[in-house]
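# Topology and contacts: notes
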Amino acid sequence: MTAPQPRRDPRRPTTTLWRPTGPEELALVRALDWRAWPPRLPEQPIFYPVLNEDYAIRIARDWNVKHSGVGHVTRFEVDTAFLARYPVQQAGGRTILELWVPAEELDDFNAHIVGPITVTHTFR
């Protein structure tokens, strides 16, 4: 289920992001060859990648499992210079950090993903 690890190009600095993901979204990522996030649904105006793995684990384990029976944590690299347009949002405690990417910018965001999206944890 896990795609190959991304290859980092030192000439193109990247930032590691995580995303807690349910089974439906993960199936769409797989269909996109592990290279992009699917378009948001009308009731999802923002795409929320998170800045630390622990926060992603808590969401996948405590929320996705409860609502979907399974939760995955994904990791991916994004062009650091591109990410500067999205200020870090503190969504709670000091380690609960997210980026808020408007749904209409997701195609551009996806174009700046470097390497594949990988699954790092699965919870049932």
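Residues numbered from 1 in each chain as written. Predicted model: local features only at pLDDT ≥ 70, side-chain atom pairs only at ≥ 80, totals over all residues. Heavy atoms only, no water.

Below, the discussion takes up the overall build of the protein. Summing up its helical and strand segments, the protein has 4 helices and 7 strands in all. Here the protein has a C-alpha radius of gyration of 14 Å; the compact-globule value for 124 residues is 14 Å, and the two agree. Judged by the C-alpha coordinates and their principal axes, the protein covers about 40 × 30 × 30 Å. A buried classification covers 45% of the 124 residues belonging to the protein. Within the protein, one finds 15 positive and 15 negative side-chain charges whose respective centroids are separated by 6 Å. (Helix = DSSP H or I, 4+ residues; strand = E, 2+ residues; numbered from the N terminus. Rg over C-alpha atoms; globule rule 2.2 N^0.38 Å. Buried < 20%, exposed > 50% of the residue type's maximum accessible area, 1.4 Å probe, protein only. Lys, Arg positive; Asp, Glu negative; His and termini not counted. Charge placed at Lys NZ, Arg CZ, Asp CG, Glu CD.)

The subject of this paragraph is unusual backbone geometry. At Asp33, a position not held by glycine, the phi torsion is positive, near 60 degrees. Tracing the backbone through its elements, the reader meets Asp33 in the loop between helix H1 (23-31) and strand E2 (46-47). A positive phi is found at Trp34, a non-glycine position, where the angle reads about 60 degrees. Relative to the helices and strands, Trp34 is located in the loop between H1 and E2. Residue classification places Trp34 among the buried residues on the basis of a relative accessible area of 11%.

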